[in-house]
Amino acid sequence: MEESAPQPPLHNHPGYQPQPQSPLPDSPAHGDRNSLPEQPLPKPPGHGDPKSQPRPRLEKPPAYRDPHFKPPPGPQRKAVLPPSFQPRPKRRRRFCRVCCCTFCIIFLIIFLVLVIAAAAFYLLYDPALPAFRLSSFRVPMLNVSNGNDGAYLDADTTARVEVRNRSGKMSWHFGKSKVSVSADDGNLSLGSSTVAGFVVEHKGLAQVKAATKVRKLALEDRQMRKLKGKVESKALTPTVEIQTKTSVGLQGWKSPSIAVTIVCGGVTMRRLENGDPPLCSITLLKWIKIR
């Protein structure tokens with residue numbers, strides 16, 4: 001008996017459609033589960049396509065920073081200004097303004113008080129500096145001698161300076177004074193002397209007499225030729241300088257003394273004898289000069 005050829009499975013037939021099967025009960029009565037046909041597992045998408053396979057992920061180096069990465073904005077902080085730029089409290093500004101205004105007002109009040117006091121003092125006491133004049137200058141003795149080494153001068157001089165107080169209620173007190181006499185624009189010294197202190201009362205007049213002498217004073221050839229002729233013709237121009245200290249007396253009160261320098265000169269002996277005495281210049285504190 002011929003064996004029949006094996007039949008191909010039905011699921012490979014072109015018109016075969018599988019029928020749904022009822023789930024098998026999980027019990028030994030219906031047979032072993034291992035005897036059931038195996039169902040094919042679903043394949044993942046892109047299975048078998050090499051382009052669709054996921055590429056391995058490259059690890060980034062430790063110091064790598066993404067240039068497109070923007071950190072999230074943090075909380076905004078208020079800019080801290082240095083102390084010099086920080087606004088000052090209004091209370092401090094107001095205090096400074098009040099102090100400045102107070103200082104200005106006090107300064108103006110003191111200035112006005114001083115101006116009023118000076119004006120009242122001037123009107124009441126009529127202050128004025130004393131006037132100095134060189135009233136006379138004489139040369140009682142003049143001798144020019146020639147020696148082996150040059151010419152020498154022996155001379156005696158007498159100078160009178162007039163001091164007039166022009167104030168009606170103030171007196172001027174002068175201390176010990178040093179009087180120096182010179183000629184030829186100060187190039188020829190004719191000696192010096194010391195005068196005792198004196199007082200000039202209000203609207204008063206005082207005379208200061210200074211006698212000087214010089215012995216064996218060396219002369220230049222030019223001075224020797226001109227000096228004797230100038231004295232004889234009274235063309236000599238003397239200069240008298242007084243260095244002293246003065247103070248003001250007012251109703252029993254006396255001010256501190258200040259240094260003064262009085263310089264008289266600029267005219268010839270002939271003009272002095274004709275009654276044309278020049279006014280003297282006064283220098284206070286060695287830098288305030290009053291003519």
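Residues numbered from 1 in each chain as written. Predicted model: local features only at pLDDT ≥ 70, side-chain atom pairs only at ≥ 80, totals over all residues. Heavy atoms only, no water.

Looking at an unreviewed UniProt entry, one finds the chain named Late embryogenesis abundant protein LEA-2 subgroup domain-containing protein, with Vigna angularis var. angularis as its source organism. The record held by UniProt for the chain lists under Subcellular location (unreviewed entry) the comment "Membrane". (UniProt positions renumbered as here; feature names shortened; annotations may be inferred.)

S.K.: Describe the state of the cysteines, with residues and values.
M.R.: Under the definition given, this model contains one disulfide. Disulfide pairing is shown between C264 and C280; the S-S distance is 1.8 Å. Here the disulfide of C264 and C280 is right-handed, its torsion about the S-S bond being about 110°. One end of the pair, C264, is in strand β10 (residues 258–265); the other, C280, is in the loop between α3 (269–273) and β11 (281–284), and 16 residues separate them in sequence. Assigned by exposure class, C264 and C280 land together as buried. There is no disulfide at C96, and the cysteine sulfur nearest it, in C99, is 6.5 Å away. Under the relative-accessibility criterion, C96 is labelled partly exposed at 40%. Between C101, a cysteine without a disulfide, and C100, which holds the nearest cysteine sulfur, the sulfur-to-sulfur distance is 5.7 Å. On the basis of relative accessibility, which here comes to 42%, the residue C101 falls in the partly exposed class. (Disulfide = S-S within 2.5 Å. Helix = DSSP H or I, 4+ residues; strand = E, 2+ residues; numbered from the N terminus. Buried < 20%, exposed > 50% of the residue type's maximum accessible area, 1.4 Å probe, protein only.)

S.K.: Can you break down the side chain of S136 residue by residue, with the values?
M.R.: Tracing the chain through its elements places S136 in strand β1 (residues 131–147). Not counting chain neighbours up to four residues away, the residues in contact with S136 comprise T158, A159, R160 and L272. (Contact = heavy atoms within 4.5 Å.)

S.K.: Can you break down the UniProt feature "transmembrane region" (unreviewed entry) in the chain residue by residue, with the values?
M.R.: On the UniProt side, "transmembrane region" (unreviewed entry) is annotated at positions that read residues 98–125 here. Helix makes up 100% of residues 98–125 and strand 0%. Its end C-alpha atoms lie 40 Å apart.

S.K.: How would you explain unusual backbone geometry if you had to name every residue and give the values?
M.R.: Not every positive phi belongs to a glycine, and K216 is a case in point at roughly 50°. Along the chain, K216 falls in strand β7 (residues 205–219).

S.K.: Please give an account of the packing of aromatic side chains that cites residues and values.
M.R.: Across all of its chains, the model carries two aromatic pairs by this definition. Summarising the aromatic geometry, the rings of F174 and F198 are spaced 4.9 Å apart at their centres and angled 20° between planes, so their arrangement reads as stacked. One end of the pair, F174, is in strand β3 (residues 171–174); the other, F198, is in strand β6 (residues 198–200), with 24 residues separating them in the sequence. Residue classification places F174 among the buried positions, given a relative accessible area of 7%. Exposure remark for F198: the relative accessible area of 18% places this residue in the buried category. (Phe/Tyr/Trp six-rings, centres within 6.5 Å; stacked < 30°, edge-to-face > 60°.)

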